[in-house]
Amino acid sequence: MKKWLLYTAWAMMYAMCAVLGFISEPQGVLYWIFLAFSLFFFVPPGILTYQAVKKEDIRELKRIRLICLIWLGLTVCLLALNFLSVGFTAAGGKFVYWLLIIGSSPMICGQIWVIPIFLWGCLLSAAWQEIFKRRK
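Residues numbered from 1 in each chain as written. Predicted model: local features only at pLDDT ≥ 70, side-chain atom pairs only at ≥ 80, totals over all residues. Heavy atoms only, no water.

Caption draft 1: How the structure looks around helix H3 (residues 43-55). In this model, H3 (13 residues) spans 18 Å end to end at C-alpha, consistent with the 18 Å of a helix rising 1.5 Å per residue. Those residues of H3 lying buried are Pro44, Pro45, Leu48, Thr49, Gln51 and Ala52. Seen from one end, H3 has its buried residues packed into an arc of 165 degrees, which puts them on one side. Exposed residues lying more than 90 degrees from the buried face of H3 are Tyr50 and Lys54. Tucked into the core, H3 has its buried residues touching helix H1 (3-21), helix H2 (29-40), helix H4 (58-84) and helix H7 (114-135). Positive backbone phi, at 55 degrees, marks Glu56, one or two positions downstream of H3. (Helix = DSSP H or I, 4+ residues; strand = E, 2+ residues; numbered from the N terminus. Expected span 1.5 Å × (residues − 1). Buried < 20%, exposed > 50% of the residue type's maximum accessible area, 1.4 Å probe, protein only. Arc of directions from axis to C-beta. Contact = heavy atoms within 4.5 Å.)

Dropping the structure here:
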């Protein structure tokens, strides 16, 4: 599959997860649809990682590693800011949560925060291990 198509699908899934993240507390079937979107978000980067490993494309693996590091770092910062926003005004707290929704969309969309964080970590680990193997 073409890289640009996978990156486009990945970006579109990110945007879709962000939009769905603004719908608070989905119930019933909607909850499971949101969770599925959150999980399907990781299909394009998984394919990109697989193709990069297969082709021994270190540049692509480094790109995926960088994206994972940025997302995980941004999520940690936004979560800390969100917890610190307890002392903010209601509008300030809501704004910080909106930043969290946009910055960490698969996590918020799926409602089970640990799963996307774990999957980002898996992508990061896979890319990092393959880069390390190829350097030897």
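Caption draft 2: Here's a closer look at unusual backbone geometry. The backbone phi angle of Glu56 is positive, close to 55 degrees, even though this residue is not glycine. Turning to its location among the elements, Glu56 is positioned in the loop between H3 and H4. Of note, the phi angle at Gln111 is positive, near 70 degrees, even though the residue is not glycine. Tracing the sequence through the fold places Gln111 in the loop between helix H6 (105-110) and H7. In this structure Gln111 comes out as partly exposed when scored by relative accessible area, which is 33%.

Caption draft 3: Inspection of the environment of Arg134 at higher detail. When you line up the elements, Arg134 lands in helix H7. Arg134 sits in the partly exposed class, given a relative accessible area of 31%. Separated by 81 residues in sequence, Arg134 and Val53 have C-alpha atoms that sit 9.7 Å apart. Residue contacts for Arg134: discarding those within four places in its chain leaves Val53, Glu56 and Ile58.

Caption draft 4: Representation of the packing of H3 against H4. Look at H3 against H4: their axes get within 8 Å of each other, and the N-to-C directions meet at 150 degrees. In terms of orientation, H3 and H4 fall into the roughly antiparallel class. Here the hand of the crossing between H3 and H4 comes out left-handed. Across from Leu48, Thr49, Ala52 and Val53 in H3, the residues of H4 making contact are Glu60, Leu61 and Ile64. Considering only residue class, the contact of H3 with H4 consists of five nonpolar, one polar and one charged. (Axes fitted to C-alpha atoms, helices over the stretch in contact; angles between N-to-C directions. Parallel < 35°, antiparallel > 145°, perpendicular 65-115°, else oblique. Left-handed = near helix turned anticlockwise from the far one by under 90°. Nonpolar A, V, L, I, M, F, W, Y, C, P; charged D, E, K, R; others polar.)

Caption draft 5: Just H2, in detail. The end-to-end C-alpha separation of H2 is 16 Å, in line with the 16 Å expected for 12 residues at 1.5 Å each. Close packing links the buried residues of H2 with H1, H6 and H7.

Caption draft 6: Structural detail: the nonpolar core. One finds Phe41, Cys68, Leu100, Met107 and Trp120 to be the most contacted residues of the largest nonpolar core, which totals 27 residues. Of all the secondary structure elements, the ones that give two or more residues to this core are H1, H3, H4, helix H5 (90-103), H6 and H7. Examining the composition of this core, we find that seven residues originate from one element, H4, more than from any other. (Core = buried A, V, L, I, M, F, W, Y, C linked by side-chain atoms within 4.5 Å.)

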